[in-house]
Structure formats: structure tokens, C-alpha cells
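# Descriptive structure summary
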Amino acid sequence: MYDMVTLGSATVDLFADTDSELVQIETSHSLEKLIAYPLGGKILVKHLNVTIGGGGTNTAVAFARQGLKTAYLGKLGDDAQGQQVLDELQREGVDFIGARGGQTGLSVILDSIHDDRTILAFKGANDHLSLDEAKLPESRWLYCSAMLGESLDTLKAVVATAQAKVAFNPSSYLARQGIAALQPILDHLEVLVLNKEESAMLLGLDEHEQQDMAELLKALAARLAVPVIAITDGNQGVLATDRVKRVGAKPRANLAIVETTGAGDAFASGLVASLAKGEGLAAAVRGGMCNAESVLAYQGAKNRLLTANELAGALEVDQRELTESRWPG
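Core analysis: the biggest nonpolar cluster contains 44 residues, and Leu142, Phe168, Leu186, Leu192 and Leu202 have the highest contact counts within it. Per element, the largest residue contribution to this core is six residues, and it comes from helix H7 (residues 213–223). Ignoring sequence-local partners within four residues, the contact set of Leu202 consists of Ala175, Gly178, Ile179, Leu182, Leu186, Leu192, Leu194, Leu220 and Leu224.

Next comes the structure, spelled out in C-alpha cells:
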């Protein structure tokens, strides 16, 4: 019996810092910022950092560090990069219960600028997990992150038959499909975690328009039967409900941000880990925030995911005020 099985992607992440130029163009919605390189030029990489990422492995490591018995279900390439992923999972005490074949997923994270980054993502084997390869063992919880292609069909089928509490953290490319397309997943959830833009997309709203987080939370709660819903919005913090109360939290004051990759996974896994341990919504929100803020202070999605002891220490000194009100607020 596992405490947690994660179903999602695995990648080798290459963080490349170059002498890129930041340019701005005016669109119908806003002023868009772009990274530019000269055509035909040879761009030197000033610094290269190689880590393991992907929503499935990021969260698996987060849960394992919180003391939960964890397994990762996904597909790795039958290549050296796949072995890199397996080696890290083994070091972190995570069981691999997936399949191998094809090429391991790869992400190139270009030039973190102004607390943001551009990612070139090659999905590879991540898109080709068949239902025959996805055997779900006994587990109290199943945590799902975004999958595409054949793997998305597999995810839907696994969630529909899972004898576990299910948490889901979709990406923008899944949220954009809307509620109807994701209904086979949404109907079986215990927890849904997504950011403000993804919330608007899921509801069929324009993510470029100014949206109120409280109204988005109410709309999602009205459309979905999910018991716990949490929405994140960068420096504006988090708003969540468990249908009994609404809890809001802001980021820690004077937060130093080095790189944002993996922060969403860190928050979602921190929140779900607390819920899996039987903690209430307010404690879960605080735990998720502390975990995400630790990751934001370093490069790499896993480098500073907190252990259970580290989280306990962070919570002891955490002075942020949470706003709590009866639901609906």
C-alpha cells in the first residue's frame, strides 16, 4: 500500500543562460515580451545546469521528502536520460512503477529574466503511456499532473477506476480544452489545484482579461463537484476552499526569487501532502506556500523541496497572516 502514486511527466531539464535580448511587441491584448537571438548567429551558453524535472517526478520527490511512501507512474525513454531519471528517483526513495521505451522527455529552460522563463519542451515518451503499461497499485492517494496524447487517454481511464483520493494539477494546454473535455477526470477528484490563467481557461473565459480570483473560485465550485479547489496567482498568492471555509494567503515578504520552474508543482504537492496527512485546509495552504517559496529561491524544480523536518521548521517561523471566512465567502 502506497501513501501516494504520482502520474505525470518526467524530463531532463537543461537550464541555459545566454546573452539573449529582451524585446517587446504590442498585441491586441497587451505588450508582449519576447526573447530574441540574431538569425544565423552562434550563441554561447554562459552557464548550463542539468536537473531532473517533469510534473510527475517533481511531485513524487516532494511527497517522498514529506515522509509519504511514494511511487511514480509514467513513461521513460530507453536511453541514458531515462536512467538519469531512475537514478534520481532511487536516491529520493521513490519507486518507479511505469514503463520504458522511446526517448525521454527533455526541456530547455532559456534565460530566466525578471522572475520568468521560456521553456522548449520535448515530450517524447511522456505522450505514449498505454493503459496496459499503467498498472495502479493500492494507494491512498493518486496525484495527476498534465499528460498529452495517448497518455492523456490513459490518465482518464486510470482516474475513472482508481480506488484512491485523486488530486489533479492541469497545465494551460489541458485547461484550455475546457470542462467538458476534462470531465472524465474532474468527476473523480478530491483536490483540484490550478493557477488563475488556467482557471479562466477551464471556465471558457479569456485568460488575458482581468479576472477576480474570488469570482473564479466561486465559478469553479459552482460548476464542479470537487471538494477542495485551490487557485494560485504568483505574487498575489493563493485562494482555496474546502466547501466549509475559504482560505487566502500571500507570499512571504521580501521573497527572493531566483527561478520559477517547479514552483507550481511544489505548492500543489505541499498542499496535497498536508491533506494526505489529515491536516486542515489552512495548514495545507501554508505548507504549500512554504514549499513553493523554498523552490523559488534556487534553480531547479527539486533542489530545495522541503523535507518533513524542514517544513516543520519553516512553519514555526512563518509569520504570514491567512484570511479565513465561511464558504461561500
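That covers the picture; the talk isn't over yet.
Pairing is mixed in the open sheet, where 10 strands are placed in the order S8-S6-S1-S12-S13-S14-S15-S16-S17-S18. This sheet does not close on itself; its edge strands, each paired only once, are strand S8 (95–96) and strand S18 (323–326). When strand S12 (residues 139–145) meets strand S13 (residues 165–169), the two strands line up parallel, connected through five bridges. Bridging from a neighbouring strand, Ser145 pairs with Asn169 of S13. Set on the sheet, H7 makes contact with strand S14 (191–195), strand S15 (228–232), strand S16 (238–241) and strand S17 (245–249); between it and S15 the angle comes to about 150°.

With that settled, consider the pattern of salt bridges. Considering all chains together, one arrives at 12 salt bridges under this definition. We note a salt bridge from Arg65 to Glu92, for which the minimum N-O separation is 2.7 Å. Of the two residues, Arg65 sits in helix H1 (residues 55–65) while Glu92 sits in the loop between helix H2 (80–91) and S8, which places them 27 residues apart along the sequence. In this structure Glu92 comes out as partly exposed when scored by relative accessible area, which is 23%. The residue Glu293 makes a salt bridge to Arg252 at a minimum N-O spacing of 3.1 Å.

What counts, and at which threshold
Per chain, the residues get numbers from 1 upward, laid out in the order the sequence is written. Selection of residues for local features in this predicted model requires a pLDDT of at least 70, selection of side-chain atom pairs for listing and counting requires 80 or more, and totals for whole chains, interfaces and linings are taken over all residues. Only hydrogens and water are set aside; all other atoms, that is, all heavy atoms of the structure, feed into the side-chain values. By nonpolar core is meant a set of buried Ala, Val, Leu, Ile, Met, Phe, Trp, Tyr and Cys residues that side-chain atoms within 4.5 Å join together. Accessible area is worked out with a 1.4 Å probe on protein chains only. A residue is then buried under 20% of its type maximum, exposed over 50%, and partly exposed in between. Per the convention used, a helix needs a DSSP run of H or I reaching at least four residues, while a strand needs a run of E reaching at least two, with both numbered from the N terminus. Contacts: residue pairs with any heavy atoms within 4.5 Å of one another. Pairing between strands requires that DSSP locate at least two bridges from one strand to the other. Where helices are involved, their axes are fitted lines through C-alpha atoms of the stretch in contact, as for all axes, and angles between N-to-C directions lie from 0 to 180°. Salt bridges are identified by distance alone: a Lys or Arg side-chain nitrogen within 4 Å of an Asp or Glu carboxyl oxygen.

Bear in mind that shape data such as this cannot, by itself, settle questions of function.
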